[in-house]
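The primary structure of each chain is shown beneath.
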There are 6 protein chains.
Amino acid sequence: MHRLLITGAAGGVGRVMRRRLASLADILRLSDITDMGDPAPNEELVRCDLGDPAAVKALVEGCDAIVHLGGISGEASFSKILHANLLGCYNLFEAARANGQPRIMLASSLHAVGFYRQDEYLDADAPLRPDGLYGVSKCFAELMARMYFDKFGQETAIIRLGSCFEHPRDHRMLSSWISYDDFASLADCVFKAPRLGCPLIWGVSNNDACWWDNSHVNYLGWRPKDNAGDYRARIDATVLRPEPQSSAALYQGGPFVDKPIYPDE
Amino acid sequence: MHRLLITGAAGGVGRVMRRRLASLADILRLSDITDMGDPAPNEELVRCDLGDPAAVKALVEGCDAIVHLGGISGEASFSKILHANLLGCYNLFEAARANGQPRIMLASSLHAVGFYRQDEYLDADAPLRPDGLYGVSKCFAELMARMYFDKFGQETAIIRLGSCFEHPRDHRMLSSWISYDDFASLADCVFKAPRLGCPLIWGVSNNDACWWDNSHVNYLGWRPKDNAGDYRARIDATVLRPEPQSSAALYQGGPFVDKPIYPDE
Amino acid sequence: MHRLLITGAAGGVGRVMRRRLASLADILRLSDITDMGDPAPNEELVRCDLGDPAAVKALVEGCDAIVHLGGISGEASFSKILHANLLGCYNLFEAARANGQPRIMLASSLHAVGFYRQDEYLDADAPLRPDGLYGVSKCFAELMARMYFDKFGQETAIIRLGSCFEHPRDHRMLSSWISYDDFASLADCVFKAPRLGCPLIWGVSNNDACWWDNSHVNYLGWRPKDNAGDYRARIDATVLRPEPQSSAALYQGGPFVDKPIYPDE
Amino acid sequence: MHRLLITGAAGGVGRVMRRRLASLADILRLSDITDMGDPAPNEELVRCDLGDPAAVKALVEGCDAIVHLGGISGEASFSKILHANLLGCYNLFEAARANGQPRIMLASSLHAVGFYRQDEYLDADAPLRPDGLYGVSKCFAELMARMYFDKFGQETAIIRLGSCFEHPRDHRMLSSWISYDDFASLADCVFKAPRLGCPLIWGVSNNDACWWDNSHVNYLGWRPKDNAGDYRARIDATVLRPEPQSSAALYQGGPFVDKPIYPDE
Amino acid sequence: MHRLLITGAAGGVGRVMRRRLASLADILRLSDITDMGDPAPNEELVRCDLGDPAAVKALVEGCDAIVHLGGISGEASFSKILHANLLGCYNLFEAARANGQPRIMLASSLHAVGFYRQDEYLDADAPLRPDGLYGVSKCFAELMARMYFDKFGQETAIIRLGSCFEHPRDHRMLSSWISYDDFASLADCVFKAPRLGCPLIWGVSNNDACWWDNSHVNYLGWRPKDNAGDYRARIDATVLRPEPQSSAALYQGGPFVDKPIYPDE
Amino acid sequence: MHRLLITGAAGGVGRVMRRRLASLADILRLSDITDMGDPAPNEELVRCDLGDPAAVKALVEGCDAIVHLGGISGEASFSKILHANLLGCYNLFEAARANGQPRIMLASSLHAVGFYRQDEYLDADAPLRPDGLYGVSKCFAELMARMYFDKFGQETAIIRLGSCFEHPRDHRMLSSWISYDDFASLADCVFKAPRLGCPLIWGVSNNDACWWDNSHVNYLGWRPKDNAGDYRARIDATVLRPEPQSSAALYQGGPFVDKPIYPDE
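Not measured: the values here are computed from a predicted model. (Residues numbered from 1 in each chain as written. Chains lettered and ligands numbered in written order. Predicted model: local features only at pLDDT ≥ 70, side-chain atom pairs only at ≥ 80, totals over all residues. Heavy atoms only, no water.)

**Q** Would you take a moment to explain the overall build of chain A for this structure?
**A** Scanning chain A from N- to C-terminus turns up 8 helices and 9 strands. Summarising its shape, the C-alpha atoms of chain A cover approximately 50 × 40 × 40 Å along the three principal directions. Here chain A holds 265 residues, and 65% of them are scored as buried. Residue pairs in contact within chain A that sit at least 24 positions apart in sequence constitute 68% of those at least 6 positions apart. With an accessible surface of roughly 9,400 Å², chain A has 49% of that area assigned to carbon and sulfur atoms. Averaged over its 27 positive side-chain charges, chain A has a centre that lies 2 Å from the centre of its 34 negative ones. (Helix = DSSP H or I, 4+ residues; strand = E, 2+ residues; numbered from the N terminus. Buried < 20%, exposed > 50% of the residue type's maximum accessible area, 1.4 Å probe, protein only. Contact = heavy atoms within 4.5 Å. Areas by Shrake-Rupley, 256 points an atom, 1.4 Å probe, with all protein chains shown as cover. Lys, Arg positive; Asp, Glu negative; His and termini not counted. Charge placed at Lys NZ, Arg CZ, Asp CG, Glu CD.)

**Q** Could you clarify how one ought to interpret the interface of chain C and chain D in this entry?
**A** Accessible area lost on assembly of the parts is the figure often given for the size of an interface. Between chain C and chain D, the residue contacts involve 12 residues of the former and 18 residues of the latter. Counting each side, the surface lost to burial between chain C and chain D is near 1,200 Å², with a carbon and sulfur contribution of 50%. For the pair chain C and chain D, the interface holds 1 salt bridge. With a closest N to O distance of 3.6 Å, Asp119 of chain D and Arg195 of chain C form a salt bridge. (Buried area = accessible area lost by both parts, 1.4 Å probe. Salt bridge = Lys/Arg side-chain N within 4 Å of Asp/Glu carboxyl O.)

**Q** Quick question: what am I supposed to make of the packing of helix 2 (residues 53-60) of chain B against helix 3 (residues 78-98) of chain B here?
**A** The description of two packed helices rests on the angle between their axes and on the distance between the axes. Residues and elements named next belong to chain B. Close contact between helix 2 and helix 3 brings their axes to 8 Å; oriented N to C, the two are set at 45°. When the interaxial angle is binned, helix 2 and helix 3 end up oblique. Handedness of the helix 2/helix 3 crossing: right-handed. Two secondary-structure elements touch here, helix 2 through Pro53, Val56, Lys57 and Val60 and helix 3 through Asn91, Leu92, Glu94, Ala95, Ala96 and Ala98. When the residues that make up the contact of helix 2 with helix 3 are grouped by side-chain class, the tally is 7 nonpolar, 1 polar and 2 charged. (Axes fitted to C-alpha atoms, helices over the stretch in contact; angles between N-to-C directions. Parallel < 35°, antiparallel > 145°, perpendicular 65-115°, else oblique. Left-handed = near helix turned anticlockwise from the far one by under 90°. Nonpolar A, V, L, I, M, F, W, Y, C, P; charged D, E, K, R; others polar.)

**Q** It is not clear to me how the pairing of strand 9 (residues 200-203) of chain D should be interpreted in this structure. Could you clarify?
**A** Residue and element names in this part refer to chain D. Of the two faces of strand 9, the one carrying Leu200 and Trp202 and the one carrying Ile201 and Gly203 are both buried. As defined by bridge partners, strand 6 (residues 156-161) adjoins strand 9 across 4 bridges and the pair is classed as parallel. Opposite Leu161, over in strand 9, you have Gly203 as the bridge partner. (Pairing = 2+ DSSP bridges.)

**Q** What is the right way to look at the relation of the copies chain F and chain D in this model?
**A** Each copy of the chain is related to the other by a rotation around an axis and a translation along that axis. Least-squares fitting of chain F to chain D yields an RMSD of 0.0 Å, with the superposition described by an axial translation of 0.0 Å and a rotation of 180°. The operation mapping one copy onto its partner corresponds to a two-fold rotation axis. Both copies present the same face, since 100% of the interface residues in chain F are matched by interface residues at the equivalent positions in chain D. (Least-squares fit on C-alpha atoms with pLDDT ≥ 70 in both.)

**Q** Is there a simple way to think about the relation of the copies chain C and chain D in this case?
**A** After a rotation of 120° and a shift along the axis of 0.0 Å, chain C superposes on chain D with an RMSD of 0.0 Å. In symmetry terms, the pair is related by a three-fold rotation axis. When each C-alpha of chain C is compared by its distance to the rotation axis, Ser215 of chain C comes out closest, at 6.8 Å.

**Q** Is there a simple way to explain the sheet that holds strand 4 (residues 65-68) of chain D in this structure?
**A** Pairing between the strands of a sheet comes from backbone hydrogen bonds, and it takes one of two forms, parallel or antiparallel. All names here are of chain D. The 7 strands are arranged 3-2-1-4-5-6-9 in an open sheet whose pairing can be described as parallel. The strands lining the two open edges of the sheet, one partner per strand, are strand 3 (43-47) and strand 9. Pairs of neighbouring strands in the sheet enclose a mean axial angle of 20°, with direction left out of account. Alignment of strand 2 (residues 27-32) against strand 3, held across 5 bridges, turns out to be parallel. Paired with Ser31 across the bridge in strand 3 is Val46. Set on the sheet, helix 4 (residues 133-152) makes contact with strand 5 (103-109), strand 6 and strand 9; between it and strand 5 the angle comes to about 155°.

**Q** Teacher, can you tell me more about the arrangement of the chains here?
**A** With respect to C-alpha atoms, chain B approaches chain F no nearer than 15 Å, and the pair has no contact. What separates chain C from chain F at the closest point of their C-alpha atoms is a distance of 19 Å, and the two make no contact.

**Q** What is the right way to look at the interface of chain F and chain D in this model?
**A** Listed by partner, the interface residues are 34 residues for chain F and 34 residues for chain D. Considering only the surface of chain F that becomes buried against chain D, Leu143, Lys151 and Ile261 of chain F emerge as the three largest contributors, covering 21% of it. Linking Arg129 of chain D and Asp150 of chain F is a salt bridge whose minimum nitrogen-to-oxygen distance equals 2.8 Å. For the pair chain F and chain D, the number of links is 10 residue pairs in polar contact (both at pLDDT 80 or more). When contributions to the side of chain F that touches chain D are tallied by element, the ones reaching two or more residues are helix 3 (78-98) and helix 4 (133-152) of chain F. Here the element with the most residues in the side of chain F that touches chain D is helix 4 of chain F; it accounts for 12 residues. When its residues are assigned to classes, the side of chain F that touches chain D shows 22 nonpolar, 1 polar and 11 charged. (Polar contact = N/O pair within 3.5 Å; in protein donor to acceptor, adjacent residues only side chain to side chain.)

**Q** Would you mind showing me how to read the sheet that holds strand 6 (residues 156-161) of chain A here?
**A** Residues and elements named next belong to chain A. Taken in spatial order, the 7 strands of this open sheet run 3-2-1-4-5-6-9, and their pairing is parallel. The open sheet is flanked by strand 3 (43-47) and strand 9 (200-203), the only strands paired with a single partner. Between one strand axis and the next, the sheet turns by 20° as a mean value, whatever way the strands run. Pairing analysis gives 4 bridges linking strand 4 (residues 65-68) to strand 5 (residues 103-109), with the strands arranged parallel. Along strand 5, the bridge assignment pairs His68 with Leu106. Running at roughly 165° to strand 2 (residues 27-32), helix 2 (residues 53-60) makes contact with strand 1 (3-7), strand 2, strand 3 and strand 4 of the sheet.

**Q** Hey, could you run me through unusual backbone geometry in this one?
**A** Among all residues save glycine, negative phi is the norm, and among peptide bonds the norm is trans. Residue and element names in this part refer to chain C. Positive phi, close to 55°, is recorded for Gln101, a residue that is not glycine. Following the sequence through the fold, Gln101 ends up in the loop between helix 3 (78-98) and strand 5 (103-109). Residue classification places Gln101 among the partly exposed positions, given a relative accessible area of 27%.

**Q** How should the packing of aromatic side chains be read in this particular structure?
**A** We describe a pair of aromatic rings using the distance from one ring centre to the other and the angle between the two ring planes. Following the criterion strictly, the structure yields 57 aromatic pairs over all chains and no others. Ring geometry for Tyr148 of chain D against Phe152 of chain D: centres 5.4 Å apart, planes inclined by 45°, an arrangement best described as tilted. Remark: Phe152 of chain D and Tyr148 of chain D occur in helix 4; sequence separation between them is 4 residues, near one turn of the helix. The interplanar angle of 10° and the centroid separation of 4.9 Å between the aromatic rings of Trp202 of chain D and Trp212 of chain D together place this pair among those described as stacked. Placement of the pair is Trp202 of chain D in strand 9 and Trp212 of chain D in the loop between strand 9 and helix 7 (232-238), with a sequence separation of 10 residues. You can call Trp212 of chain D buried: its relative accessible area is 4%. The structure contains a cluster of three or more aromatic residues connected by ring pairs, namely Phe78, Tyr90 and Phe140 of chain A together with Phe78, Tyr90 and Phe140 of chain B. (Phe/Tyr/Trp six-rings, centres within 6.5 Å; stacked < 30°, edge-to-face > 60°.)

**Q** Sorry if this is basic, but what is going on with the pairing of strand 4 (residues 65-68) of chain B here?
**A** Put simply, side chains in a regular strand alternate between the two faces of the sheet. Residue and element names in this part refer to chain B. Burial along strand 4 is two-sided: Ala65 and Val67 and Ile66 and His68, pointing in opposite directions, are all buried. With 4 bridges joining them, strand 1 (residues 3-7) and strand 4 adopt parallel strand pairing. When the bridges of strand 4 are listed, Ile6 appears paired with Val67. Between the parallel pair strand 4 and strand 5 (residues 103-109), the chain is carried across by helix 3, and the sense of this crossover is right-handed. (Right-handed = clockwise from strand over helix to strand, strands pointing away.)

**Q** Teacher, can you tell me more about the pattern of salt bridges here?
**A** If charged atoms from side chains of opposite charge come close, those side chains can pair. This structure, assessed with the given rule, holds 73 salt bridges over all chains. Among the ionic pairs, Arg146 of chain A bridges to Asp150 of chain A, the shortest N-O distance being 3.4 Å. Placement of the pair is Arg146 of chain A and Asp150 of chain A together in helix 4 (residues 133-152), with a separation of 4 residues, close to one helical turn. Classification of Asp150 of chain A by relative accessible area gives buried; the value is 16%. Glu43 of chain F is the salt-bridge partner of Arg18 of chain F, the closest N and O atoms lying 2.8 Å from each other. Of the two residues, Arg18 of chain F sits in helix 1 (residues 12-20) while Glu43 of chain F sits in strand 3 (residues 43-47), which places them 25 residues apart along the sequence. Just as Arg18 of chain F is buried, Glu43 of chain F falls in that class too. Where salt bridges share partners, they join Arg3, Arg29 and Glu44 of chain A into one cluster.

**Q** Looking at this model, I keep getting lost on the environment of Ala145 of chain B. Mind explaining?
**A** Considering the arrangement of structural elements, one finds Ala145 of chain B in helix 4 (residues 133-152). Along the sequence, Ala145 of chain B and Arg19 of chain B sit 126 residues apart, while their C-alpha atoms lie 26 Å from each other.

**Q** Explain the environment of Asp49 of chain A here, please?
**A** All names here are of chain A. Structurally, Asp49 is set in the loop between strand 3 and helix 2. Overall, the relative accessible area of 29% leaves Asp49 in the partly exposed class. Residues Asp49 and Asp32, 17 residues apart in the sequence, show an inter-C-alpha distance of 7.3 Å. Apart from residues lying up to four places away in sequence, Asp49 is in contact with Ile33, Ala55, Val56 and His83. Within the local environment of Asp49, its side chain forms a polar contact with the side chain of His83, the two groups lying 3.0 Å apart.

**Q** How should I be thinking about helix 4 of chain F in this particular structure?
**A** Spacing of three or four residues puts side chains on the same side of an α-helix, whose turn is 3.6 residues. An ideal rise of 1.5 Å per residue puts 28 Å on 20 residues; helix 4 of chain F measures up with 28 Å between its terminal C-alpha atoms. Phi turns positive, to about 80°, at Gly153 of chain F, one or two residues after helix 4 of chain F. (Expected span 1.5 Å × (residues − 1).)

Now the structure itself:
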């Protein structure tokens, strides 16, 4: 691969993937709306507002593949969501269409299904149950991907990401955690597959506890290696067990289900 | 019911429902972005842009129930969709939340699943497959309804409308047609049910040919009476059979699947 | 059929079926723990406590078929349930086994699944969710029937009865009602089928509104004719709509889900 | 339609359809291995052994559509089945491919699933369970149809025929009967559909009792009108009820499941 | 956990868990109807007939959690089953309700589904198919657990136990075996889960051969470690292969399906 | 086992299994239509045309078990398929029936479902979708096995073989590969199971990538050990990635879906 674009490169997952995915391409093009520091020799840094169609079109030009981590990654007011996640998503797919349809790895989120209970086991066809405006915007992105695939053949891996951190931080993440290594190996599978299609992939490690069934994407050959269960004793010892009737114990989306609609400023 | 709001009252379905649903409430409040003619004695006419949050809040105030037909009802550029259908939908749900959560009957569309083939039989849990930006915006509205129900208990009947006309107009509508009478009787069921929840209802008559299974909403007791099959001979005699490989013969969304992305002006 | 036994013949359904099912057999043997009035010419009346194994054995002797309506038919203390419904059920199946295994039509109840919501649509394989001790005792009877079929070939039609009254009495019964005629025609199908097996049959009329799918027993050819929907206007006019969050509006079992465990005297 | 070919025109169903389907085309071409009597003015009679590839190719030439009733229609020795049903089926599909792929209505049989019990309710995806060599040959034909559709786009309606007679003849046919009228109206739907695909259709009337779910082909708009239940009283009065443990009472294929493998002469 | 109650502590599984689960609580309260030997320092021994409501209420008082192994654990006469397993189960749930609803780990049994064949693969929603009166009593207990959860929020882990022995003893146990270690680790998961709900858990080790799918309870993070397959060679060498048509080879319940109804003394 | 018959012993898989399965029986009887070289001490070599019923009957006589690899194992003209695979299969099942019904391990093929896409995940009940005449003949064999089981109790393990080679040879085989060791261990399970039934088993190794779900045959305890994923780097380095829209990348059957119907010579 010659040039791989990573959007949202200044974010939590973006900063890590900037290092981990470097080997996938000759050149990494990195974008964010904020400062990304200094470029490494094989890096191109592009400040870009995803809500600006022309800027996004220029950003995507010349790229062979895209890891789309950009946009707002938590609950926010509708005007912010509208700009970065709805308009931003449209801009990205249109830019890809104008530039030869490079394969996209799209970061969706467990908050697209956050209102399921933690004792429910979901497959890829479980109806969407977003837990807030952010979750709805992730559903929107998933559906745009599907439509661009059906209409134009644009290949996108929709990654419904669990909790991507260095290690799990609370009891809920014993189920939802995905390690950096497993995210990186997933990117490898996504970009090397002879044919990708437009699969929904649960972005989660090989945890003892889990809520999601990935068997429908066995064809990709991705086998996550890490296991949040290895951290169970540490979590039990250091993190308070959530109350049985709290959202943290009841819902896959955890505290997101309790968040209000944030007013526009 | 004291006051029923119908949005999109100047549209094709809206004009008909203005007459048919009048008996459901003491007062009909009607809104549209264009002229709606003169008010009948029990009517309140309100010109309103759904993209304007304050105007929508005022519009909803004092209403006991809402039939939401407003917004753009066909393929359009993203900026138009964004304003009327995405922002408009958010404004409506927020206005309802600020006004005691009147029950909503929401017009979604078969274009939320337009990429299914005509020989596929769908139940309510079939994954969404929108056939364009308009279809994606209808999916967005469905998901907003679901989230407002899960988070706030807002009851909404999501009507995935087929083709609502006086009679079926082509071979595809032999399956997708819903008559005005059946739409009106559905509204009656929706607003009289002791408890509604947030069901997905296929908005379709009792046609000989059909693609959709409504058995999961049998609890509402809605039994559509009309049958597009009664018009089959007339259609066969007057309308050209579509080519077997055309979108009109292949897809539930018909020609929508072939439409391009309309550029913003 | 020579002799048909109806247990619980003094109960609400029993009194009606005593007349309606008379034509099915030369002799009706009727039993109850209370007085059943005077016998008609073709009737044999037998006072019998179902908890008494010897009495039940004598009761069943010489019968070609059984309609088992006996036992306690509402929430009660566990000691009562234990005696009449658990022990009584065991006694009945043992008596049948000792007497050539006459075909049984067993009255179970919707309270075996009363904790499902009214917006859920159930097929015969939906896991049991009883709404009290009475409901659990009906599950017990269903499982005894299944076990006696698997082990001994005893044929039983398990009728999961809705609300069997002259006409529906409230909004919930618009879905759960079964008319006397439809119950009688079901008995006719059950006893005339060349081979019955051990089916679970939802005992419900052909109501506009319904929660249960009987398609798996289409092989019996039972087509209920009555429709609670014909009484909808009357119910709407004369019965208060239940509160949206009340058990009467939420659960298939209705107020049973709120009943306490009745203490033993 | 200009020319419709009916194979097996001298058989039980063929003789009836020769009259009923005449209005579908300008010319009926009729074929059988035995005598078919004299041609009507719009008929072409062709004696033809389906096992002869050249003869079948000539037979199909110039036809716009095919109703394939030919071949052996009951249990027989393997050499007979091999010639008429396996080789014959291959010859037919090859002849169609060489002649512009006219639409085919293919008579399969309930004996493709004859080993299911009569208390099982099947949809189109139920795995095949043939009840003899004849049943296996019908499965073979169904799979040839599917393969020619997937590979070459050949449209075929696979009709898994129940019992096609003037009226039902025994208790089993109360479920499996299809009337001549309903068969004819099905042919009408099959040949008029703008796009057919390659559906599996249960060939059965609108009987009170039934084992098969046709909802997946609702898109065709076929609504059978006749009901074997109208003959139930007559059957009960004139035909002996089968023994509960006999194949006639247990299996959908009835006595076919008991037939031996017929030796080749 | 301060005090853990184990009922049936003198039984086969009880004696083992008395040692293995000691570390879960400060105090083990052990009960049985027979002698349990001498108490260890952290043990409280209580002789108790589960059919005695007052005794059971006293037994449960002060306990934070319950492992319910008590009752009759094999086929028996109905009067014994009635007393120990039906009445006993009711007494236990009532005692728990009167004492703050401590979490319960309930031993059900594979005999609740013993009539399934060994070549059937079951998930948690497979309809119950008990193989005798004992099996029916285990179904009863499962349904009581479900009802107390739905009605009162009582959390219970329903463990449908396979064969819990030191090692598998015959060919059937190559599929049904659960090791002592795996049972103990399951108890650990059940009592440590922030929220348990009322799951059905197949109590079986990580055997090469298995009949049951536990993926729906992945959320608990239980990963059994032992494998009956490690004993396959030993079983093949030392235990006679069952006859292909014997219940030991055909049914999950094995020889239980052949047991008669034991008469009451 | 005294005598094990392997048909197709001169073929690719046959030559390997001749060595690997030798330990399963005292005597290996090997057959093929071509030369098989010299017999080892425990081998009986029999030249045999599977299309010759008498020869096949003699071949099977005295055998306790059969591994049926014979017949044509690739696309071919219909006359060849007819002789070796249709008639040959019938001859084999009849010969088994005449000789005490020895257990059969039948080699079917992924080409029975070759028209599924590579991003579809199939269970054993997925409807058949053969990719050519060869695939149809394998479906035929599967259905003959099922019918002989239902009618006569003949036990057959239907192995739907993926790609059985020393190691995977291209990207498609990263999913479809089965190693020789895993095939041999499967034979071991099949012939040692106390009761086999007539299962459909996907013949595939424990590959990182896979399309098929074998959980329904967990009861056999077969756990394949090899993993095509171990060869991924080598394949990536040495074999050209197929074009995304080629049959090699799209379909499970790979290039077979593009093959024409081969004419008879």
